[in-house]
Amino acid sequence: MVVPVHSDAFAEKLLSWFGANRRAMPWRETKDPYMIWLSEVMLQQTQVDTVIPYYQRFIEVFPDPESLSKAPEDDVLKLWEGLGYYRRCHHFIAAVRDVCADYGGRIPDDPHIFRRLPGVGDYTTAAVMSIAYGHVLPVVDGNVIRVITRIYRIADDTTKTKTRMLIRDMMAALIPSDSPGDFNQAVMELGALVCTPKKPLCGECPLNDLCRAFQHRDISLYPFSPKKMKIPQYPVGLALIMKDGRFLIQKRPSKGHLAGLWELPGGKAEGDESAETAMLRKCREELGLTVEVCGMAAQASHVYSHFKIHVSVFSCTVGAQREKDLKHQPFMWITPSDIPSYAFPAVNLKLFQTIFPSVM
DNA sequence: AAGTCGTGGGA
DNA sequence: TTCCCAAGACT
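Residues numbered from 1 in each chain as written. Chains lettered and ligands numbered in written order. Predicted model: local features only at pLDDT ≥ 70, side-chain atom pairs only at ≥ 80, totals over all residues. Heavy atoms only, no water.

Turning our eyes to something else, we now look at the side chain of Ser-312. Along the chain, Ser-312 turns up in strand β6 (residues 308-318). What makes Ser-312 buried here is its relative accessible area of 6%. In this structure the side chain of Ser-312 is engaged in a polar contact, spanning 3.1 Å, whose partner is the side chain of Gln-299. With sequence-adjacent residues up to four places away left out, Ser-312 is seen in contact with Val-236, Gly-237, Leu-238, Ala-275, Met-296, Ala-298 and Gln-299. (Helix = DSSP H or I, 4+ residues; strand = E, 2+ residues; numbered from the N terminus. Buried < 20%, exposed > 50% of the residue type's maximum accessible area, 1.4 Å probe, protein only. Polar contact = N/O pair within 3.5 Å; in protein donor to acceptor, adjacent residues only side chain to side chain. Contact = heavy atoms within 4.5 Å.)

Here you go:
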């Protein structure tokens, strides 16, 4: 068992530093649990500077649970366009609808109830419950893992559940019952501004006198995690099917990758398939449409979390009428000026910029 | 438990 | 270029 550092000294120094160094963030101007909850969802795996404009636009349109619960899913998704991890958006909508249906639109002031909502895990529960309602629950995120493993010189694999539970327990021993929300935010702020992944500013750290890794001069060993595998790359073929000044887009399935977003038809190549063959196959399978290729409209590369793609967009014309009785996702014929009305993946927007430079 | 799920920024 | 990483949740 790791011997705890003196917890009172830890919290005192950290909160003092936080009081003088906390960054201004829109969600720090309120104690509305809905707004704090939204910020925590958007901040999942996403940096503060990226979230701020998305948060402000979202709150402007949907300032409370009621307005969001009544909104069409596509309108909400459009506000999330470009932020990534779109399942967060679908879950947040579903969860807020549950809150309106079951709790009169008031965010539950009970960790066990809040934790059951869709998209709400241990981190979000601790963050929202501590910041909005003062529950004494420690957060464990990437910042906390980095700060705690360095302070205590924990060399265990931080991808393991057991290690994260140890870190949670260390946090639980340190968190003060009179300001749990500020403490949680302070540890994360320290991780973001001082105790950074590379080149941490240990000279400016308010905790350097009790940091074991700093004392042993081996900060770079923490946190430890095994090397990640290289991710595969696939060719992707998409179709720009023009007809009477319009082109065809289709809606992705409601689950899985880029759920619910609109895109040009086509998809990943399988086996030895070329991008063009994959595009033709997908148009046939998903739209019942036979197309003829006229030329190449655009190309782009893009990296996702666990694979990367090289996209080729083929200019096409309709070669045959749509076959009947094929199940397919919803599709639309739109003009380039309609693009802002639909939520697209980032790579599609990048391609549109090349294909329709005048309207983008 | 390990894989899925986006995008942008920094070194 | 390439890699890592960011206020994680779900299966």
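There's more to say after this.
Looking now at the protein's contact with DNA strand B. Around DNA strand B lies a shell of 21 residues, among which Tyr-86, Leu-258, Val-303, Ser-305 and Ala-346 are the nearest. Between DNA strand B and Gln-45, the relevant distance is 3.1 Å, taken from a base nitrogen to a main-chain nitrogen or oxygen of the residue. His-306 is positioned with one of its side-chain polar atoms (N or O) 2.9 Å from a phosphate oxygen of DNA strand B. Considered class by class, the residues forming the surface near DNA strand B number eight nonpolar, ten polar and three charged. (Near = heavy atom within 4 Å. Nonpolar A, V, L, I, M, F, W, Y, C, P; charged D, E, K, R; others polar.)

As a further point, take the packing of helix α8 (residues 122-133) against helix α11 (residues 180-193). Running from N to C, α8 and α11 point in directions that differ by 130°, and their axes come no closer than 7 Å. Classified by the angle between their axes, α8 and α11 sit oblique to one another. The chirality of how α8 crosses α11 is left-handed. Residues Tyr-123, Ala-126, Ser-130 and Ile-131 of α8 lie in contact with α11, whose contacting residues are Pro-180, Gly-181, Asn-184, Gln-185 and Met-188. (Axes fitted to C-alpha atoms, helices over the stretch in contact; angles between N-to-C directions. Parallel < 35°, antiparallel > 145°, perpendicular 65-115°, else oblique. Left-handed = near helix turned anticlockwise from the far one by under 90°.)

It is worth spelling out the packing of aromatic side chains at this point. A complete count under the given rule lists 15 aromatic pairs for this structure. On the numbers, 5.8 Å between centres and 55° between planes, the contact of Phe-247 with Phe-352 is tilted. Taken together, the residues Phe-247 in strand β2 (residues 246-251) and Phe-352 in helix α14 (residues 346-355) connect sequence positions 105 residues apart. Taking the relative accessible area as the measure of exposure, Phe-247 reaches 0% and is therefore buried. An aromatic cluster is defined as three or more aromatic residues linked by ring pairs; in this entry it consists of Tyr-34, Trp-37, Phe-58, Phe-62, Trp-80, Phe-92 and Phe-114. Taking NZ or CZ as reference, Lys-268 lies 5.5 Å from the ring centre of Tyr-234, over its face. The residue whose ring lies beneath Lys-268 is Phe-307, and the NZ or CZ to ring-centre distance is 4.6 Å. (Phe/Tyr/Trp six-rings, centres within 6.5 Å; stacked < 30°, edge-to-face > 60°. Lys NZ or Arg CZ within 6 Å of the ring centre and 35° of its normal.)

We now examine unusual backbone geometry. For the peptide bond that leads from Tyr-222 to Pro-223, omega is -5°, which places it in the cis range. Here Pro-223 shows up in the loop between α12 (212-216) and β1 (233-243). Unusually for a residue other than glycine, Tyr-85 sits at a positive phi of about 45°. Positive phi is not limited to glycine here, since Arg-153 has a value of about 55°. Along the polypeptide, Arg-153 turns up in the loop between α9 (142-152) and α10 (161-174). By relative accessible area, Arg-153 is classed as partly exposed at 32%.

One can describe the packing of helix α3 (residues 48-61) onto helix α5 (residues 73-80) by two numbers: an axis separation of 9 Å at closest approach and a directional angle of 155°. Compared by their axis directions, α3 and α5 come out roughly antiparallel. Of the residues in α5, those in contact with Tyr-54, Arg-57, Phe-58 and Val-61 of α3 are Val-76, Leu-79 and Trp-80.

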